[in-house]
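# Notes for the structure review
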Amino acid sequence: MKTRHPLALGLALSTALAAALAPVPGLAAGASDSDTERQARWTEIATSIFGDRKIEPTDTLIKVDAPARAMDAALVPITLTMPEKDKIKGVHFIIDDNPSPYAAHFTFGPAADPGELKLRVRINNYTNVHAVAETTEGKLFEAQKFVKASGGCSAPMGMSDEEAMRGMGDMKMKFSGDAQSGKPVEATLMIRHPNFSGMQMNQVTRDYTPARYINKVTVSYGDANVFTMDGDISISSNPVINFAFVPKGNGPIKVAATDNQGGQWQHSFTAPSPSN
Amino acid sequence: MPNPPRPALAPRLGAALFALAALLAAAPADSPVDVPEPAELWTGPQHGYTPATLKGATVIDVGALDALLPEKPVLLDVAIMDRKPDGFPAGRPWLPAHRSIPGATWLPNAGAAPLPPDEETLFYRRVEDLTGGDRGKPVVTFCHPECWGSWNAAKRLVAKGYTRIYWLPEGVEGWQERHDTSVVRQDPAWAARSTAPQR
């Protein structure tokens, strides 16, 4: 991943925004100004993550589904669909108007069935979200959707921090469908973790709860990697990830998770094994 | 408060209202109903249920704001700034962008109470600049729904003798239901202040 110095990036962004805003006198901003501004922001974010790599729009390689209007901005369900799954090596998910836009990066391993991923995220503002697929050839393709939700990053959890952290690192996994050799199995991974964003204020003490979030999840089946996710403060508390894997040989399915405060957890699940 | 109850019901209702009042006094920020209007600035957390009224100011919705816009009111956004988490990884993009009503002046956290004296002075000076010294010029204060900051900002200006203060409790979220927002940068003169903690 290519990164730039945050200050330089901030200045570049400010300049770009100033340029985008300059011709707007008072209240005259129309839809096209807004679109231009949103596009300028996406360009800045994309550059900060992907450097000068080209990202092509796609209608076929990746699709992003989200409710146009979210019920709960702290729990917005996102579905990423990759119909030509054999071509997909990884997926990046970006929430443009979140202060920390780069929500998640998934890379798929040999045991993955990268046709569909689901996760739940925090959304701070009415925003475009972008899903960027990376193909096995190393090319990038983007799809976008506009989502109406706001306040998700700073929404308090409605319980004490201690309560929110109880059982931290516990995991469950549910499987659906019968395992048949070579056929994908769908799985839902649930991790108990508050994923504190660092932007949530404790309503009693009026202090900000320090950021504590899952920064890496690795799932494997037997010896083969299914996926690795690099996560961020934009992932909802108690992360839930739906994915699919191809059971070849013997399980178990193993999950290793770490958080930014040095927390480490490993769990092993008995995966459905092919019956024939 | 509701109208006085009819005599026959008075004792029971009175007791119920007393209980309700006690409840509200104990935890006004936890109840969406009948949040009493404080006599002075609100010094509790900025995020919480707000009253339906503000003495000396006009409470407006976005429709009323639309009707007011031709008069070119001063649009004062006092929403707090996104706080960068401590220890945020250096290599990750941190790009807070504040969306607001196009043309608004953003004075983050200007609705905090108390404000350090120099900050309060700067707030009054900025509003004086923005209104051209005309205390009869319309000024609209806003932040987010359930945000006391804009209530406080309006309260301060009413106390300073501004006669056309409008409070928009729906905030930016109410605006974006009907209109486009714009990325607005912090007011440069306000950015130069010594920063009070956002609470």
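What you are looking at is a predicted structure, and each value in this text was computed from that prediction instead of being measured.

Let us now look at the overall build of chain B. Within chain B, the secondary structure is distributed over six helices and seven strands. Mapped from its N terminus to its C terminus, chain B presents α and β elements in the order α-β-α-β-β-β-α-β-α-β-α-β-α. Sequence separation of 24 or more characterises 76% of the internal contacts of chain B that already satisfy a separation of 6 or more.

The next subject is the overall build of chain A. Of regular secondary structure, chain A possesses three helices and 15 strands. Here chain A holds 276 residues, and the buried ones make up 42% of them. Within chain A, residue pairs in contact and separated by at least 24 positions form 69% of the contacts whose partners lie at least 6 positions apart.

With that out of the way, let us pick up the sheet that holds strand E15 (residues 264-269) of chain A. Residue and element names in this part refer to chain A. One open sheet accounts for nine strands, arranged E1-E8-E7-E4-E5-E12-E11-E14-E15; its pairing is mixed. The two strands at the open ends of the sheet, each matched to only one other strand, are strand E1 (55-57) and E15. Between one strand and the next, the sheet's axes are offset by a mean angle of 20°, whatever the strand orientation.

What follows deals with the domain arrangement of chain A. For chain A, the assigned domains read domain 1 (1-53) and domain 2 (55-269). Looking at the side of domain 1 of chain A that touches domain 2 of chain A, its residues break down into five nonpolar, no polar and three charged.

Here strand E14 (residues 253-259) of chain A runs beside E15(A); their pairing, made up of six bridges, is antiparallel. Note on E15(A): the bridge partner recorded for A:Lys254 is A:Ser268.

Moving on: the interface of chain B and chain A. On the side of chain A, 35 residues touch chain B, which itself brings 26 residues to the contact. For the side of chain B that touches chain A, the secondary structure elements donating two or more residues are helix H5 (171-178) and strand E7 (182-183) of chain B. Here the side of chain B that touches chain A is built from residues that sort into twelve nonpolar, six polar and eight charged.

So, about the sheet that holds strand E5 (residues 139-142) of chain B. Note: strands within a sheet are paired through backbone hydrogen bonds, in either parallel or antiparallel orientation. Residues and elements named next belong to chain B. The strand order across the open sheet built from five strands is E1-E6-E5-E2-E4, with neighbouring strands paired in parallel fashion. The sheet terminates laterally at strand E1 (58-59) and strand E4 (105-106), the two strands that pair on one side only. With four bridges connecting them, strand E2 (residues 74-77) and E5 associate as parallel partners. The residue of E5 that forms the bridge with Asp 77 is Phe 142. Lying over the sheet, helix H4 (residues 148-159) contacts E2, E5 and strand E6 (165-167), oriented at roughly 165° with respect to E6.

On to the environment of B:Gly161, then. By the secondary structure assignment, B:Gly161 is in the loop between H4 and E6. Note: C-alpha distance between B:Gly161 and B:Arg99 (62 residues apart in sequence) is 30 Å.

Next up on the list: helix H3 (residues 117-130) of chain B. Residues and elements named next belong to chain B. Taking 1.5 Å of rise per residue, the 14 residues of H3 would be expected to cover 20 Å, and the 20 Å separating its terminal C-alpha atoms lies within 8% of that figure. The set of residues buried in H3 consists of Leu 122, Phe 123 and Val 127. All buried residues of H3 fall inside an arc of 135° around its axis, so they share one side. Among the exposed residues of H3, those pointing more than 90 degrees away from its buried face are Pro 117, Asp 118, Thr 121 and Arg 125. Phi turns positive, to about 60°, at Gly 132, one or two residues after H3.

With omega at 0°, the peptide bond leading from B:Ala113 into B:Pro114 counts as cis. Mapped onto the fold, B:Pro114 is located in the loop between E4 and H3. The residue A:Asn195 is not glycine, and still its phi comes out positive at about 45°. Considering the arrangement of structural elements, one finds A:Asn195 in the loop between strand E10 (185-191) and strand E11 (214-221). What makes A:Asn195 buried here is the crowd of 26 C-beta atoms within 10 Å. We note that B:Lys72 has phi near 50°; this positive angle belongs to a residue other than glycine.

Attention now goes to the confidence of the model for chain A. With 86% of its residues at a pLDDT of 70 or more, chain A shows a mean pLDDT of 86. Under a pLDDT of 50 for its full length, residues 1-31 of chain A has, in the predicted model, 35 contacts with residues more than four places off or in other chains.

Our focus in this paragraph is the environment of A:Gly115. Residues and elements named next belong to chain A. Along the polypeptide, Gly 115 turns up in the loop between strand E5 (102-108) and strand E6 (116-121). Residue class for Gly 115 comes out partly exposed when judged on the 17 C-beta atoms lying within 10 Å of it. The spacing of Gly 115 and Ile 191 is 76 residues in sequence and 22 Å in space, taken between C-alpha atoms. The contacts of Gly 115, once residues within four sequence positions are left out, are Met 82, Lys 85 and Ala 244.

A separate point is the pairing of E2(B). Residues and elements named next belong to chain B. Burial along E2 is two-sided: the face carrying Val 74 and Leu 76 and the face carrying Leu 75 and Asp 77 are both buried. Here two bridges tie E2 to E4, and the two strands are oriented parallel to one another. Looking at E4, one finds that Asp 77 is bridged to Trp 106.

Conventions we followed
Residues numbered from 1 in each chain as written. Chains lettered and ligands numbered in written order. Predicted model: local features only at pLDDT ≥ 70, side-chain atom pairs only at ≥ 80, totals over all residues. Helix = DSSP H or I, 4+ residues; strand = E, 2+ residues; numbered from the N terminus. Contact = placed C-beta atoms within 7 Å. Buried ≥ 20, exposed ≤ 12 C-beta atoms within 10 Å, placed from the backbone. Pairing = 2+ DSSP bridges. Axes fitted to C-alpha atoms, helices over the stretch in contact; angles between N-to-C directions. Domains from an automatic or database assignment. Nonpolar A, V, L, I, M, F, W, Y, C, P; charged D, E, K, R; others polar. Expected span 1.5 Å × (residues − 1). Arc of directions from axis to C-beta. pLDDT = per-residue confidence, 0-100.

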